[in-house]
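Examination of the molecular architecture
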Amino acid sequence: RRFWLFAFVAALLSTAGVGVALVLPPVYEARASLLVESQQIPTDLVRSTVNASAVEQIEVIKQRLLTREVLLALAERHRVFAADPDMPAADRVWRMKDAISFDTRILGQNRRNETVSTALSIAFSADAGVKAAGVVNDLVTEVLSQSAELRRNRAETTTDYFRQEVESLSRELAQMEGRIVAFQKENEQALPESLEYRRSQLDLLQERLQRFELERIDLQQERTSLEMVLGEDAPAAQAEPLSESARELATLQRELLRRGAILSESHPEIQEMRSAVRALEAVVAAEAEGTLPTAAPSLTQNAESAARRELRRRFSLVEARLAFNEEVIAELAAERDRLERSLLETPNIQMDLNNLQRTYEALEGRYETARSKLAEAEAGEQLEDKQQGERFEVIEQATVP
């Protein structure tokens, strides 16, 4: 009964709809699909140093692409607003943002809830299909470029950081080595490594010092006895010069004592010096008996009796041996005091040296760790340079709608 009314309303609305459709500008949408592929080489062999997830990378790239400069450049390149050239730049940026859409989808996860693959869809709407497809393809190119650059920059930054860390630790190690060497050189007389040797040297010095002190007592007693016999002639005998052989004998005995503190009794040099001492002792004894001429005979010696002359000679020898004995005792006592001080300083030196060694070992551990991480970072950087790591792949290019 109301057919004609219904037909009239339907015809009116259809005519209005067709009119509006003809009046409104056409809208074309182009779309491209990308897939984020995981690393091609197993992570057990080579691990990438870029730990940012695909979603995070997409968000970073999205923010870079939706900047004012990039959007205006895209609109200008593809003449998106050619129909309205006087449109303000702010309106163009707003409309470009409204026409671009990014759709991110996670396609799968592993047992540890880590994302295995991610898909990205980029779409753009325009009044012409060529414009829409051109903008989308440019956006895809920018996404690929930005992704490779982002991963490469992060890998290079990681490598540069560890390279600087290795260089810094290497310099610190060199400085610490210099400090240890300087410390050891400064305290070489009290280092823990020579503790047992210095103890043995101290025992040897104590024995020699005791022997020379006993000899000094005997010489002092003999000098006292000779002074009592010679009486007033003792000072003159004391001032009598020694022969050349006697002086050479005293010098050789002093050198033998000094070398004997370092070398063993069986050493060839010690044996040779002892042979020379025995030979000089024979010469001095011969000079004393008068069988050899002395180097500096005095006029008074020629007039004295043989007994008086022998006493004066013995007194001079005792004085020389006593002076030599005092000198040796002073040297041995100084060496003993030095060794005792070094033994007392050894515990403190050892503590300081241990502190330096611990610091050096800690630095060495950090250095080896940094070197290992640098090697991993360099391998990761090569992985990104060759695009063997996580990367974007276009699985559907935008076509003209």
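Described below are features of the structure shown in this document.

Criteria and thresholds
- Residues numbered from 1 in each chain as written.
- Predicted model: local features only at pLDDT ≥ 70, side-chain atom pairs only at ≥ 80, totals over all residues.
- Heavy atoms only, no water.
- Helix = DSSP H or I, 4+ residues; strand = E, 2+ residues; numbered from the N terminus.
- Buried < 20%, exposed > 50% of the residue type's maximum accessible area, 1.4 Å probe, protein only.
- Contact = heavy atoms within 4.5 Å.
- Phe/Tyr/Trp six-rings, centres within 6.5 Å; stacked < 30°, edge-to-face > 60°.
- Core = buried A, V, L, I, M, F, W, Y, C linked by side-chain atoms within 4.5 Å.
- Axes fitted to C-alpha atoms, helices over the stretch in contact; angles between N-to-C directions.
- Parallel < 35°, antiparallel > 145°, perpendicular 65-115°, else oblique.
- Left-handed = near helix turned anticlockwise from the far one by under 90°.
- Nonpolar A, V, L, I, M, F, W, Y, C, P; charged D, E, K, R; others polar.
- Patch = residues over 30% accessible without salt bridge, like charges linked within 9 Å, V, L, I, M, F, W, Y side chains within 5 Å.
- Areas by Shrake-Rupley, 256 points an atom, 1.4 Å probe, with all protein chains shown as cover.
- Salt bridge = Lys/Arg side-chain N within 4 Å of Asp/Glu carboxyl O.

**As for the environment of Glu 193**
By secondary structure assignment, the location of Glu 193 is in the loop between helix H5 (129-186) and helix H6 (195-230). On the basis of relative accessible area, Glu 193 is assigned to the exposed category, the value being 61%. Residues Glu 193 and Thr 346, spaced 153 residues apart in sequence, show a C-alpha to C-alpha distance of 9.6 Å.

**Section: the environment of Val 80**
Counting through the fold element by element, Val 80 comes out in the loop between helix H3 (68-78) and helix H4 (89-99). Once the C-alpha coordinates of Val 80 and Met 96 are considered, the two residues, 16 residues apart in sequence, prove to be 8.8 Å apart. Setting aside chain neighbours within four positions, we find Val 80 in contact with Leu 74, Ala 75, Met 96, Phe 124, Asp 127, Lys 131 and Val 135.

**Looking at the packing of aromatic side chains**
The final tally for this structure, using the stated rule, is 2 aromatic pairs. Look at Phe 3 and Trp 4: their rings are 5.3 Å apart centre to centre, the planes differ by 75°, and that puts the pair in the edge-to-face class. Pair check on accessibility: Phe 3 and Trp 4 agree, each one exposed. Plain terms: the ring middles of Tyr 161 and Phe 162 are 5.2 Å apart, the flat faces sit at 75° to each other, and that makes the pair edge-to-face. Note on Tyr 161: relative accessible area 48%, which makes it partly exposed.

**Brief notes about the nonpolar core**
Of all hydrophobic cores here, the largest spans 33 residues; its most connected members are Met 96, Leu 120, Ile 122, Phe 124, Val 143 and Phe 392. What Ile 122 contacts, discounting residues up to four positions off in sequence, is Ala 30, Arg 31, Ala 32, Leu 34, Ser 101, Phe 102, Val 136, Leu 139, Val 140 and Val 143. Counting 18 residues, the second-largest nonpolar core is a separate cluster that includes Phe 162, Leu 173, Tyr 360 and Leu 374.

**A short note on the packing of H3 against H5**
For the pair H3 and H5, interaxial distance at closest approach is 10 Å and the crossing angle is 140°. Classified by the angle their axes make, H3 and H5 are oblique. For H3 against H5, the interelement crossing comes out right-handed. In this structure, H3 contributes Leu 74, Arg 77 and His 78 to the contact, and H5 contributes Lys 131, Gly 134, Val 135, Asp 138 and Leu 139. The class makeup of the residues in the contact of H3 with H5 is 3 nonpolar, 2 polar and 3 charged.

**Some thoughts on a nonpolar patch on the surface**
There is a patch of nonpolar side chains on the surface, built from Leu 5, Phe 8, Val 9, Leu 12 and Leu 13 and spanning about 520 Å² of accessible area. Among the structural elements, Leu 5 can be located in helix H1 (residues 3-23).

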